[in-house]
Amino acid sequence: KRPFILDVDTGTDDAMAIIAAVKAAELDLRAITVTHGNQPLPNTLENTLRVVQFLGVDVPVFAGCPDPMVRTLTAGREMNVRRQPYEQVIDGQVVNMHEDYLPLPPAKIAPQPEHAVAFLLRTLRVASTPITVVAVGPLTNIAMALRLDPGIARNIRELIVMGGGIRAVNSTSDSEFNFFADPEAAQIVLKAGARVTILPLDATTSALFDRRDAQCLRDIGTPEAEFFGRLIADFIDRMALLGISNTSDPGDHSAAIHDALCVLYMLDPRIVTDLRREACDVDFSGGFADGQLIVDTRSYMPRDDETYVAYGIDKERVMRLLCDLLGR
Ligand code: BDR
Ligand code: CA
């Protein structure tokens, strides 16, 4: 069984990733670490605990960093760019892209007392089998651990990251949310020397799920499938209210399941249709391109880094995998 740690900022699609991670009995989910991101840390932690409680499993949850490494110290950066309106007041109601709290009972289970970064450090220092890290939020926790001890990269089998966008962007005109939320952390992680597989927006938005797909999943009949399908439907509703679209059509009503794809990729790498080894950087200049994933596509340049970028997803394969997984 492949051991892995899941780092999340739950969040709608993070919840889908947790469900997939727990349902995949052929994988060995060792722990969930939580970071700031879609919501402030107290919310992402509570949401994570709600999902774990809903699934009824005994997976340890560790709370991590409440803030990015340095971004918030340089307030000017926020003023340089036009942000996507993740939150708007519509008819007197605040509408968030990701709900403050997921529609599940409040968590009665508690997080571990240890800090997520301390846990990552302790676990990855002594791991006898290399561990995969699936990171689907801002990369603060992982980068902090790598800064404290860069040697832990040796014990990371693979880092599977949802982040960045080449042509597809969502946070600013040039960046995707997870990388924009902590650009320094993203650059540290990409340069740590571990094998990194990136599923950027270009890949995750190449497989979009509409209301029919959501209903199809709900019809499977298990509580997990029902909740997964509901999350997709709710995501579509909120994006429609906020006027946000994943395609060039502003009226498109479909959602991407970004984070869940990283877990599904571990189960079946063939869901990625186009994976290229490319040198990658993240801009952290604080200018218009802050948080931008920069991919060196020049064919004659050496490809020394172990960074792999996904460009496409086989949606039919993902649907089949989800039906199997959620039906269990
Ligand atoms: C990423 O940002 C978050 O809103 C999602 O959970 C996903 O990890 C997509 O840009
Ligand atoms: Ca996320």
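This structure is a prediction, so every number in the text was calculated from the model and none was measured.

**Student:** Break down helix 1 (residues 12-23) for me, with residues and values.
**Tutor:** A rise of 1.5 Å per residue sets the reference length of helix 1, with its 12 residues, at 16 Å; its end C-alpha atoms lie 17 Å apart and thus fit the reference within 8%. In terms of burial, helix 1 is a largely internal element, 12 of the 12 residues being buried. If you check which residues of helix 1 are buried, you get Thr12, Asp13, Asp14, Ala15, Met16, Ala17, Ile18, Ile19, Ala20, Ala21, Val22 and Lys23. In the core, the buried residues of helix 1 are packed alongside strand 1 (2-8), strand 2 (27-34), helix 2 (41-55), helix 10 (223-242), helix 11 (258-267) and helix 12 (315-326).

**Student:** Can you explain the UniProt feature "domain: Inosine/uridine-preferring nucleoside hydrolase" (unreviewed entry) in the protein? Please cite residues and give values.
**Tutor:** Under the present numbering, the feature "domain: Inosine/uridine-preferring nucleoside hydrolase" (unreviewed entry) in UniProt falls on residues 5-319. Its end C-alpha atoms 24 Å apart, residues 5-319 is made of 35% helix and 20% strand.

**Student:** Talk me through unusual backbone geometry; I want residue IDs and the actual numbers.
**Tutor:** In this structure, the amide linkage connecting Thr10 to the following residue, Gly11, adopts the cis form with an omega of -20°. The residue Asp91 is not glycine, and still its phi comes out positive at about 50°. Here Asp91 lies in the loop between strand 4 (87-90) and strand 5 (93-96).

**Student:** Quick one: what's the story with the sheet that holds strand 6 (residues 131-135), residue by residue and with numbers?
**Tutor:** Taken together, the eight strands give an open sheet; going across it, the order is 3-2-1-6-7-8-14-11, and neighbouring strands pair in mixed fashion. Unpaired on one side and paired on the other, strand 3 (61-63) and strand 11 (272-277) mark the two borders of the sheet. Each strand of the sheet is rotated relative to its neighbour by a mean of 20°, with strand direction disregarded. Across three bridges, strand 2 lies against strand 3 in parallel orientation. Each bridged residue has a counterpart across the sheet, and for Ile32 the counterpart in strand 3 is Val61. Sheet strands in contact with helix 1 are strand 1 and strand 2, and its direction is about 165° off that of strand 1. Set on the sheet, helix 2 makes contact with strand 1, strand 2 and strand 3; between it and strand 2 the angle comes to about 150°.

**Student:** Give me the lowdown on the confidence of the model for the protein, citing residues and values where you can.
**Tutor:** Averaged over all residues, the pLDDT of the protein equals 95, while 100% of them reach at least 70. Here the complex is predicted with pTM 0.97, and the ipTM for its interfaces comes to 0.99.

Rules used in this analysis
- Along every chain, residues carry numbers that run from 1 in the direction the sequence is written.
- For naming, the first written chain is A and the first written ligand is 1, with later ones following in the order written.
- Totals for whole chains, interfaces and linings use all residues, but because this is a predicted model, local features are given only for residues with pLDDT of at least 70 and pairs of side-chain atoms are given and counted only at 80 or more.
- Per the convention used, a helix needs a DSSP run of H or I reaching at least four residues, while a strand needs a run of E reaching at least two, with both numbered from the N terminus.
- To estimate the expected span of a helix, subtract one from its residue number and multiply by 1.5 Å.
- Three exposure classes are used, all based on how many other C-beta atoms lie within 10 Å of a residue's own C-beta (placed from the backbone): buried at 20 or more, exposed at 12 or fewer, and partly exposed between those limits.
- What counts as a contact is two residues whose backbone-derived C-beta atoms lie within 7 Å of each other.
- UniProt positions are given in the numbering used here, feature names are shortened, and annotations may be inferred rather than shown by experiment.
- Only strands that DSSP links by at least two bridges are regarded as paired with each other.
- Fitted lines through C-alpha atoms give the axes, limited to the stretch in contact for helices. The angle between two N-to-C directions lies from 0 to 180 degrees.
- The predictor attaches a confidence to each residue, and that confidence, scored 0 to 100, is pLDDT.

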